[in-house]
Structures are given as C-alpha cells and as structure tokens.
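Here is how the chains run, residue by residue.
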Amino acid sequence: MDGDRLSRGGGDQRPSGQQLRPAAEAPQTKYRPPHLRIPQSSNAGGEHQSPPLQRQGVGRSSESAPALTPQRTSILPIQRQPLWSAPPQQSENRILPVRRPESRSIAGRSVNLLVNHFLVKFNPRNTIYHYSLDIRQLVSYEKRPARRLRNTGGLRLILNKLFLDDQARFPANRTAYDGEKNLYSAVSLPTGQFRVELSAEDLSTQTYVVSIKIMNELKLSKLEDYLSGKVPYVPRDILQGMDMVMKENPSRYRISIDRYFYPSSFRVEDDIGGGMAAYRGFQSTLRPTAQGLALCLDCSVMSCRKPLPVVEFLKEHIPEFDGAFLDLHLRRRVAHALKGLTVRVTHRRTKQQFTIAGLTEKITRDLWFDFVDPKGQDPTVKVSLVQYFREKYGKVIVYQDIPCLILGRNNRTNHVPMEFCILTEGQRYRRELLDESRQEKMKEKCLPRPPERRNTISEMMQDHDGPCGDVTRNFGFQVEKNMTSVEGRIIGPPDLKLGAVDVVRVEDEKRQWNLAENSVVEGKRIDRWALIDFSFLDFPKLRAKDFISNLRNRSKSLGIVMEEPLLCHSTGMRDFSSVSRLEELLRNVVHEGNRKCWNKLQIIICVMAEKHHGYKYLKWVSETRVGVVTQCCLSNHANRGDDQFLGNLCLKINAKLGGSNVELTRRLPHFEEEDHVMFVGADVNHPLSKKSTTPSIAAVVATVNWPAVNRYAARVSPQDHRTEKILDLGPICRDLVNTYHQLNGIKPKKIVVFRDGVSEGQFDMVLNEELSALKRAVFDYHYQPRITLVVAQKRHKTRLFLENLGDGSATGNVPPGTVVDTKIVHPFEFDFYLCSHYGRIGTSKAVRYCVLWDENSFSSDQLQELIYNLCFTFARSTRPVSLVPPVYYADLVAYRGRLFQEAAKEFQSHSVPASRPRTFDLSFYQLHPDLRNIMFFV
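K.L.:
Can you help me understand the overall build of the protein in this one?
P.N.:
Helix and strand counts for the protein stand at 19 helices and 38 strands. Taking all 938 residues of the protein together, 54% fall into the buried category. The contacts in the protein between residues at least 6 apart in sequence include a share of 73% that link residues at least 24 apart. Summed over its atoms, the accessible surface of the protein is roughly 42,400 Å², and 46% of this surface lies on carbon and sulfur atoms.

K.L.:
When you look at the pairing of strand 27 (residues 603-608) in this model, what are you seeing that I'm missing?
P.N.:
Along any regular strand, the residues point their side chains to alternate faces of the sheet. When you tally the buried positions in strand 27, you get six out of six residues, the bulk of the element. Neither face of strand 27 is left uncovered, since the one carrying I603, I605 and V607 and the one carrying I604, C606 and M608 both have all their residues buried. The pairing of strand 25 (residues 529-533) with strand 27 spans five bridges and is parallel. Each bridged residue has a counterpart across the sheet, and for A530 the counterpart in strand 27 is I604. Across six bridges, the pairing between strand 27 and strand 28 (residues 629-634) is parallel. Counterpart to V607 in the pairing with strand 28 is C633. For the crossover from strand 27 across helix 13 (residues 615-626) to strand 28, the handedness is right-handed.

K.L.:
Sorry if this is basic, but what is going on with helix 9 (residues 450-462) here?
P.N.:
In an α-helix, one turn spans 3.6 residues, which is why side chains three or four residues apart end up on the same side. The end-to-end C-alpha separation of helix 9 is 19 Å, in line with the 18 Å expected for 13 residues at 1.5 Å each. Residues of helix 9 that are buried include every one of P450, R453, T456, I457, M460 and M461, and no others. Down the axis of helix 9, the buried side of the element spans an arc of 135 degrees, and every buried residue falls inside it. Where helix 9 is buried, its residues meet strand 2 (117-121), strand 12 (276-289), strand 13 (292-305), helix 8 (436-446), strand 22 (478-479) and strand 35 (800-802).

K.L.:
So what exactly am I meant to see when it comes to the environment of F534 here?
P.N.:
Considering the arrangement of structural elements, one finds F534 in the loop between strand 25 and helix 11 (544-557). Among the residues examined, F534 registers a relative accessible area of 0% and is labelled buried. Once the C-alpha coordinates of F534 and S635 are considered, the two residues, 101 residues apart in sequence, prove to be 8.7 Å apart. Those residues in contact with F534, other than ones at most four positions away along the chain, are T571, G572, M573, D575, F576, L582, L585, C606, V607 and M608.

K.L.:
I keep staring at the pattern of salt bridges and nothing clicks. Help me out?
P.N.:
Between side chains of opposite charge, pairing is possible as soon as their charged atoms come close. For the structure shown, the criterion picks out 54 salt bridges. Among the ionic pairs, D465 bridges to R254, the shortest N-O distance being 3.2 Å. Pair noted here: D465 is in the loop between helix 9 and helix 10 (470-474) and R254 is in the loop between helix 4 (236-253) and strand 9 (255-257), with a separation of 211 residues, a long-range link. For R254, a relative accessible area of 10% gives the class buried. In this structure, D270 engages R280 in a salt bridge whose closest nitrogen and oxygen atoms are separated by 2.8 Å. Placement of the pair is D270 in the loop between strand 10 (260-262) and strand 11 (271-273) and R280 in strand 12, with a sequence separation of 10 residues. On the basis of relative accessible area, D270 is assigned to the buried category, the value being 1%. A residue is classified by how much of its surface remains accessible, and R280, at 16% relative accessible area, is buried.

K.L.:
Can you walk me through the packing of helix 3 (residues 220-227) against helix 4 in this structure?
P.N.:
A pair of packed helices is characterised by two quantities: the angle between their axes and the separation of those axes. For the pair helix 3 and helix 4, interaxial distance at closest approach is 9 Å and the crossing angle is 115 degrees. One element, helix 3, and the other, helix 4, form an angle in the roughly perpendicular class. The chirality of how helix 3 crosses helix 4 is left-handed. Taken together, the residues of helix 4 that come into contact with helix 3 (itself represented by L220, K222 and L223) are I238, L239 and M242. Residues that form the contact of helix 3 with helix 4 fall into these classes: five nonpolar, no polar and one charged.

K.L.:
Could you clarify how one ought to interpret the nonpolar core in this entry?
P.N.:
Soluble, globular proteins show a tendency: their nonpolar side chains are buried together. Ranked by internal contacts, the top residues of the largest apolar core, which has 148 residues, are F547, I604, F679, Y849, Y889 and F937. With nine residues, helix 19 (residues 885-911) is the single largest residue contributor to this core. I604 has contacts with A530, I532, L586, V589, V590, V628, V629, T630 and Q631, leaving out every residue within four places of it along the chain. Residues F313, L326, V386 and C404 belong to the second largest nonpolar core, which totals 39 residues.

Thresholds, definitions, all that
Residues numbered from 1 in each chain as written. Predicted model: local features only at pLDDT ≥ 70, side-chain atom pairs only at ≥ 80, totals over all residues. Heavy atoms only, no water. Helix = DSSP H or I, 4+ residues; strand = E, 2+ residues; numbered from the N terminus. Buried < 20%, exposed > 50% of the residue type's maximum accessible area, 1.4 Å probe, protein only. Contact = heavy atoms within 4.5 Å. Areas by Shrake-Rupley, 256 points an atom, 1.4 Å probe, with all protein chains shown as cover. Pairing = 2+ DSSP bridges. Right-handed = clockwise from strand over helix to strand, strands pointing away. Expected span 1.5 Å × (residues − 1). Arc of directions from axis to C-beta. Salt bridge = Lys/Arg side-chain N within 4 Å of Asp/Glu carboxyl O. Axes fitted to C-alpha atoms, helices over the stretch in contact; angles between N-to-C directions. Parallel < 35°, antiparallel > 145°, perpendicular 65-115°, else oblique. Left-handed = near helix turned anticlockwise from the far one by under 90°. Nonpolar A, V, L, I, M, F, W, Y, C, P; charged D, E, K, R; others polar. Core = buried A, V, L, I, M, F, W, Y, C linked by side-chain atoms within 4.5 Å.

Following this line, the structure appears as structure tokens:
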C-alpha cells in the first residue's frame, strides 16, 4: 500500500491531534467514554452518492490513514481539499476501532455461563518500575571483553545471586524477570553496574557484571483511565508489565514451553508409553474487559519425553533395545531417537545440561583417549574410558557393548556412557510423530469434555505454582479465583431452503438438516467428466463400476444429474511423484475428453489408493496449468460407498461447478433485497519462521451472487516472508468488485469484510493501512460502497462453560448460536463471542468477532444474527460451521496457495543458486482463467 496517498473521499483538512472515529457516531471534538456518549442517528451512513468524508464527517472514512512518508501526492480529480496525514509515529490521527452500539442486545433466550476469566484488582495509585538488564561474564585471560550471556537458566541464576547478596536493595519477591532483558519491580531499584561472583563445580569463581538501567515507570492510573473509557489507546506497556508479573510465580516453579507452563512431573495416568507422557499445563494472559482487568487462563496438554535415564528411555521407546548390542539398523534408530536431546550427567556433581550430538563409532569397552596431566608433570598416556570412569569417579560401566553418547557444550565434545545420562524435563515430542494408538490417547487428553476442562482450570488457579503467588500479591494485585459468571444468549436458527421444499427447519440440538429426503437448491448438470483411477496398480484397488453407479445414484437423489464419465483412465500412485508426469496425464485426459464431446471437461474425479505428498502437484497442475477442477477421494472410502461419504462428495462437486447446495429462506438481517452486498474474507498463511526464503500466502475470497451469498470467487497472492499485512488487498478487491459487476450487471452497494489471523496489536494496521488501500483501489467519484470491517479471532483462550449442564447438549457444550457481548468483552469497543457450531468432541471454542469499521450502522443483534445465519451457508456441511464462511473459505484458499508454493519449489530449486535468497515467481500462483470465479477450493 502507498502510505502517502490521500483519501479519495474528499473532506476538510484536519488539525493535528483530532482523533478519527468510524461508523455509527458523528465527529466529536472530544473523546467521550461509552457511558457518556450521545446516541447518534441510525442513518449515519448518509446518502449513497456523497463522497465518504463529506457524507459522514471527518470521523467516517479510513482514507485519512497516516502516510508512510511525509511526501504529498494527489491522485484523483475529486480531491477538492488535501487531507494531510500524520506519520505512523504520530498516533493522534490514527483511526480507532468503532465503539459498541448504544442499544443493548436482546435477541435470543438467555443462558447462564461461566467463563475462564478471573477478575484482577489493582491499586491505580501504584507504579511498576521497568528496568533493562545486561549480564556479561568477565574474562580475565588474554584481555578479552566481557562476554554476554544468553542462557535463560544461567541468567536467572546470576540475578538470583545478586538478589541474595543484597536483599535489602533487591527484594526478590517484589520483582518479575522475563529471563532475558526485562525486569519489573514493585519498588524502585538501584541502577548501575553490579559485580556478582558464582562458584563453579570445579570450585573456581566466575565473575559477572549486571548492568541495570531504568526504562520506564508504569503508572497503573493510565490503565484505570483506559478501562473506564477516559482514554482511547490501550497502554500496552503496562499490560505487558502486569502480564509478566502474573507469569513470575509459574516461571519459578514450572517449565516454560511455547508460552505455556508445564510441571516437571506427570501424573501416573498420563503415561502414554514409549518413553512419553502427557504433561498438563496452562497459558494465561491479561485482558481489559467490560468488568475490569481479567486474567484469562486455559489448560493445555503436551506430549513430552519422560525424564528417565537414557538407557531406560531407550528400552521403553525402542522395544528391541536391551543394552547388549546394536546392529546397524538399531544403531540408526537409537541415534535418531537421541540426537539433539539434552541430558544431565550423574557421574559428577554439576547443574550443567548437555546436548547429545550423536553416538561414538566404537562401543564403550573399545574407547581409548589421550589423558593429559592437568599439572603438566606426567607424560600423556593412553587410557581406556572404562578404566578412567572407574579410577576417576569410582563408577563401574555396566553397558560396555553399546556406544557412548557424544555430548557437546561450548564447542567441546565429551564421550559419556549412556547409563550416566538422564534426560532433562520438558523435552517435547511432536504429537504427529507418535504412533496411532498413542495419538488417540493424546487426542482424548487434549480434548476434555467441558466439565473436566472447567475443573482443571479451577485447580490450576488454586495451585501454589499457578499465577497467584507471593509476587503477584506483593505487586498489589488481587485475583478472584472463581470464574466469571455471565449471561449469554442463544440465537435461533434460520429457516433454510433446499430443492425439495422451500422451508426446512433445522434440528434443535445440533442445528443440522437432513439431505436423505431432500435435494440441493440447484444441482449443476454434470455431463462431461472423467475418472482417473490411481489405485489400479496399488492396494486397495477401486471397484470402478460400482463406484460410478453409486455416485450417480447418490447425485440423482440430491437433484444433481450426472451422466456416465466420458472416459476412465487407470494408472498407479507412482504418477503422483512427478509434476511433469501428472501434467502430461491430465492434459492427455482433457484432450481425450475434448475429442469425445468437443467441449472441455467439467471435472476430473481422482481416486487415490492412499494419501500422498503428490496431492499438491495434482492441485497445482490442474488449477494453474490445465484449468479443470479435480475432486480427490480414497479408494477404500469409494469402495465402501455409504450414503454419507457419497453425499459429501456430491456437495463438494456441485459447489465446485457453480451449483447451490443450501440457501437461507429469508433475507439476511439489516439488508434489503436490492442492496447487493458482497462479503469478503481475507487471510494470510505463514510458513515456519526458519524458512526465511519462503513467502507468506495471502488469500481473498468474495461472494459473487446475491441474495443467496453462497458462491465465491478466490484470489491467491504470494508476498514477503511472514508479512501479515496483505500487500495486494486493494488491487485484489478491485478485481473482485469488477467480477461481481460482470456477473450481476451491478456493483455491490455494500461490502462486509471479514479479516482473519490478526491479533489486537495488528488492528491498527488492518484499519489504517489495509482498509485505506481497499478504499483507494475501489472508490471513485461515482462509486463509494459502504464498508464494514470485522476481524474474526480463533486463537484466543476464552472458553464458555454452562453453569447448569442441563441447558446444553449431551456433550455438555454450549448450544450452537450462543453469543456473549457483556462483561468479558472489550470495555467500549464493538466485539462479541459467538459459538455457532455444535461441539461433538472436547470443549467448544467460540470465535471472537471484533468490529473495527462500520459504515452500515449495524446493531449488535443484527451483526450477530447475520454472522450466525451465514454459518449455515457453508457449501460442504449440513450443519452450521464454527467460523463465518468468508473466513473459512479464505483459510482454505490460503492453504491451497501453500500447496502451490510447495509444488513450485521443485522448479525453483533447479533455477536459483543456493547462495542467493530465493524469490517467488508470481506465475506459479496465478489461477487458470477458467477457475478464477468458481469454488475450486471447496
């Protein structure tokens, strides 16, 4: 986005320091907290033909987003008066998220809920002192400079020694440390450089210099002002400091892994075998809410290696290992199981941890080394490892016929017998690497039913190693240990339209509808299709005639006419291993189909013997090169031929070809039939952080029909590595608006954008950069649609529990349609939690929807009902989904773009030198023109 572009909507020059407010409020010269705001007219959007800023006042349009540079540029003749913007660092002119509408939500029947939010009380007169730490080791020899330490455990040890040596000036129980550079204190600490001496295992003394510098004084009164609505900007530095204080107690007693805290031991019933156990931990975060500051805590389960002696771990992990002998195959398995793990040694007293670099080539009894007299008096002699351990440590090595471990530390290696090494605590074992039975055990433990999860969270809040310890109290924080009680509402389901009947009422508990006696709304006729049987040379083989017959019969029952395939091609799974072979195969099938019917195939159904990594090659070739939709399935499922599987397959095929599976009977809330509304979903798929040359994938989808809003067009765009901002959002949305115009003869009058995958810290970027880019690209003098922007957040830790289990389903989860918009939501911004799906397993997770911009003047009830109704239109489901479909589809498209990227790597690896950073070629991600406006991704 060009940050120095001006607003396309026109308007007056705004004085510096005036805050912008979108949507349902008139411009104000002074910020008013929510309880003092004056209600505004419901038609704040004004007349359609007026430019946005003139229509809405200066607080209406996001086009006044601050420039990335102070350079001034004019871009449209309609710009009558320039509207200069402040640089990003000047936050006064940033557009703020819309505030909650004045009207109270009343739709739906009420239900009493408990939420894993725990109220935190604090004294607004208190101050938290933020210090910066720098710890270096003094090295006396060779006049080397002080060496900076990076080991978290070592840094804590040094800091604790400083506190112990001078407890009067450094009260340990009134400080919180993040293990790196940040130290928070409830009292003022001395600053400067302090010398700390630690004794090592060899009785030598190591000297460290601790530099302490004051960074900030965090006045809690500022947080109080924000919670009460007196100031609009969240004091993130204060929340960060308080969050660190709340984490100090568990960090002292638990093991920290990926922001979660786990105990050093496991429960007996959580031993899953193979040297692994399920560890139960928690993650917590502070949230400003309508009831005040709240601690949100949720439990977690992770599979870790048990802290066993290495020999005992191997006996559990590799049943064939008995400690007697390693053949070549077993040796490889042992080396693979141990490499990279950390251990402690038991043959001498030390707190050091060592990393396993590998296994020695020789077995223990054959290992000899040169022993050098440390005093330099005796000559160097050859000593066996067995003899050395017996004489030096008094240890007799039992397992002498297996290799030793090569332990590395500080660029030095040591050979240590396995029996003297113990695995350290908290070493994660990736769940996907577990065998099938252990994965099932972990799944059961990771997906507890609501009553079990609720009890676990309550127990962790009460534990001595939880977030409520002495440090928390010494900072003046009081934490309520009972969950927050809140009143939720259950929105009723909409009536649906299927092919057989105009009104279908969904089932009460699961909100599902039955296709057994109904057909889809509009079945797309399929008379040009092909079958590729990839299981012909593998097992299990497809029974092709039966599958074709069953599929045609099931599609007929759903109102989809499906003729016999034009051709059936049989091959083996080996073709999936090569992009070129797949492309040649698909082109030959398409050519043969064209020869038989003088028209292009509509779809190719591909039956696979097993899941295969070549699936990404198939999708990339078919959707970017050949231009024919493919539908994959497994041969064992196809042979089984049950109605549910075939019905789901037909729903996907019909949606991909432009049919309509289900529609809402009534119009969407807040919109009229002639409105022509386009719903947009946007998401970014990121690669692993270590893959620095791999692009992120941006995906944008948009509806292309009205009022059914169940057909979508999709666009995929690669962009810079792990960049969350969608760089091409403006051009993509302009393209989608033009597509809507081509298909409907009119441009949408209103646009509702659902953005996925952004945290609260990125709301400003979405509102002031992405939305501005969208408007600059789409708006012109004759066309300014009203825009609403909503962020959908899935990755939060808030959980809703029924206070009375009888109010929910048999699983104990909250019913579909449960919405909460009081107490646990933002103090004054427009957000709510909606659980739209039926929770079959585990504990249901509601989606948090945050409204950042609203030119359509939604009330809370209208927007909540709108999103819930949209959840019934997902093409491949017969029940409402957990996430609003525009975002759900954007997720699918972003994942499809990731498959394109992985397929493109095969070409790029041969064309780009390894020494140069790899760039991405846009041609690998361009959809075939025949697929750009259909739902190929479903």
